[in-house]
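Close look at the chain arrangement
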Amino acid sequence: MEFNFTEEQIAIRDTAREFAQNEIAPSAVERDIKAEFPYDIVKKLGEFGFMGMMVPPEWGGAGFDTISYVLAIEEISKVDASVGVIMSVNNSLVCFGIERWGTDEQKERFLKPLASGQKLGCFCLSEPEAGSDATQQKTEAVKEGDYYILNGIKNWITNGKNADVYFVHASTNKELGHKGISTFLVEKETPGLETGVKEDKLGIRSSDTCTVSFNNCRVHKSQLLGEEGMGFKIAMETLNGGRIGIGAQALGIAQASLEAAVRYAKTRKAFGQPIANLQAIQFKLADMATNTDAARMLILEAAWRKDNGMNYAKEAAMGKLLASRTAVNNALEAIQIHGGYGYVREYLVERYLRDAKITEIYEGTSEIQRIVISRDILKD
Ligand code: CAA
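Described in the following lines is the structure provided in the data block. The model shown is predicted, which means the values in this text are computed figures rather than measured ones.

Next up on the list: the pattern of salt bridges. One pass over the structure, following the stated rule, counts 29 salt bridges. Its salt-bridge partner being Glu 47, residue Lys 43 comes within 3.6 Å of it at the nearest N-O pair. One end of the pair is Lys 43 and the other is Glu 47, both in helix 2 (residues 39–47) and four residues apart, which spans about a single turn. As a salt-bridge pair, Lys 233 and Glu 237 come within 3.1 Å of each other at their nearest N and O atoms. Separated by four residues within a single helix, Lys 233 and Glu 237 lie in helix 6 (residues 231–267), roughly one turn from each other. Each of the salt bridges in this network shares a partner with another, and the network as a whole consists of Arg 17, Glu 75, Lys 78 and Glu 259.

Encoded structure:
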């Protein structure tokens, strides 16, 4: 068993940490208040290779491993979880799928600009009546000659407003259920593709979330990813990797909450001493640190398994399940340790709580992660 990071992994983590501190932190509070998308930051992340971290350089990416990806997302999410999810969706849900199932022509046309950060992607699976029960896709793609005509509505789409490429799941054969779902790569300019009003969210406010509708949207057959009927498999396998990204995002929030709580406990005095001397505070900090480390180990194990060609669906689900719960718990405890100061914007921990909650919901709720884990451990 090897617990050391390579020199390259450490260098990537340090680069992400420095970038987060210097370029992301100064504007994070204001962007949260104004719900402003971080255009300049996303552009710079692309220049650093962080928008296509695991894509080989021949297709515009940085060619890093998944462990480096986890380290980078954690560092960035420690400072701003909104930037973490923008990055995770582009890397894990969009670039991964095109690299894994795309033709060379699709990689040239879609992957290169997405992986190099010139363009941004979003993942369209959820619908008003198909969230956790993702097999129930109502969006349809009907073949007409060399084209598919897409009709339907997707919702809760991260990057929906600002994306250039939409990774869309639609049914090409309703009778076949989930085996009749297919995946399409659709460009923003395509007539019939429309985005709805940006959601006014509790947290991750600097990332954009909206509905995306397809009204007789004509998509050429060369934009079908993989084969007809492969879409649900593509969605599920893509989400396995997505859960590593969101797990790392949650880890960033958990770690930031812990560090804020430690800092405050060492300086705040009560009953004639720093509150860090009180056992009630020490026990909270001990539990926060233990759960954060445990979640980190699970996520790194999932990343390591992915890098080594092993199954990682269960480990990714476990990592996301624990990291997202830990993010919420740590943020709550950080607020409790700060007392009244934790309840106001100035001390950041209130944002950590608002940002943490969504990690238990998107890319599979915690209940869905338990389904994925239990099915794996109960299978013959
Ligand atoms: N990895 C690989 N394959 C999987 C899988 C996984 N984690 N989970 C299911 N599958 C496969 C099954 O093996 C099965 O394949 P076959 O048909 O070949 O046998 C197929 O998918 C159907 O699976 P089930 O029979 O288990 O279907 P189900 O309906 O009982 O359960 C589910 C499926 C696991 C609940 C699935 O619907 C699911 O994961 N739902 C959650 C969807 C989700 O995570 N949505 C997030 C939206 S995206 C998002 O949030 C993006 C964003 O913008 C941030």
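The next thing to look at is the pairing of strand 3 (residues 147–158). Bridge count for strand 2 (residues 140–144) against strand 3 is five bridges, and the pairing is antiparallel. Looking at the pairing, Glu 144 lines up with Tyr 147 of strand 3. Linking strand 2 back to strand 3 in an antiparallel pair, the connection comprises two residues, with Gly 145 at a positive phi of about 65°.

A few words now on the packing of helix 3 (residues 66–79) against helix 7 (residues 279–307). Between helix 3 and helix 7, whose axes approach to 8 Å, the crossing angle comes to 145°. Where helix 3 approaches helix 7, its residues Thr 66, Ile 67, Val 70 and Glu 74 are matched on the opposing element by Arg 296, Ile 299, Leu 300, Ala 303, Trp 304, Lys 306 and Asp 307. Of the residues belonging to the contact of helix 3 with helix 7, the class tally is six nonpolar, one polar and four charged.

Taken together, 22 residues surround the ligand, and among them Ser 132, Thr 158, His 178, Arg 243 and Arg 375 come closest. With respect to the ligand, the side chain of Arg 243 contributes an N or O atom lying 2.9 Å from an oxygen atom. Contacts to the ligand include Gly 364, whose backbone N or O atom sits 3.0 Å from an oxygen atom. Here the ligand loses 72% of its free accessible area of 1100 Å² to cover by the protein chains. Per-element tally for the shell around the ligand: the top contributor is helix 6, with five residues.

Turning next to the side chain of Asn 330. As for its placement among the helices and strands, Asn 330 is situated in helix 8 (residues 313–338). Residue classification places Asn 330 among the buried residues on the basis of a relative accessible area of 2%. Polar side-chain contacts of Asn 330 include one of 2.9 Å to the side chain of Thr 292.

The rules behind each value
- Residues numbered from 1 in each chain as written.
- Predicted model: local features only at pLDDT ≥ 70, side-chain atom pairs only at ≥ 80, totals over all residues.
- Heavy atoms only, no water.
- Salt bridge = Lys/Arg side-chain N within 4 Å of Asp/Glu carboxyl O.
- Helix = DSSP H or I, 4+ residues; strand = E, 2+ residues; numbered from the N terminus.
- Pairing = 2+ DSSP bridges.
- Axes fitted to C-alpha atoms, helices over the stretch in contact; angles between N-to-C directions.
- Contact = heavy atoms within 4.5 Å.
- Nonpolar A, V, L, I, M, F, W, Y, C, P; charged D, E, K, R; others polar.
- Near = heavy atom within 4 Å.
- Polar contact = N/O pair within 3.5 Å; in protein donor to acceptor, adjacent residues only side chain to side chain.
- Areas by Shrake-Rupley, 256 points an atom, 1.4 Å probe, with all protein chains shown as cover.
- Buried < 20%, exposed > 50% of the residue type's maximum accessible area, 1.4 Å probe, protein only.

Such coordinate-based values are descriptive only and should not be taken to indicate function.
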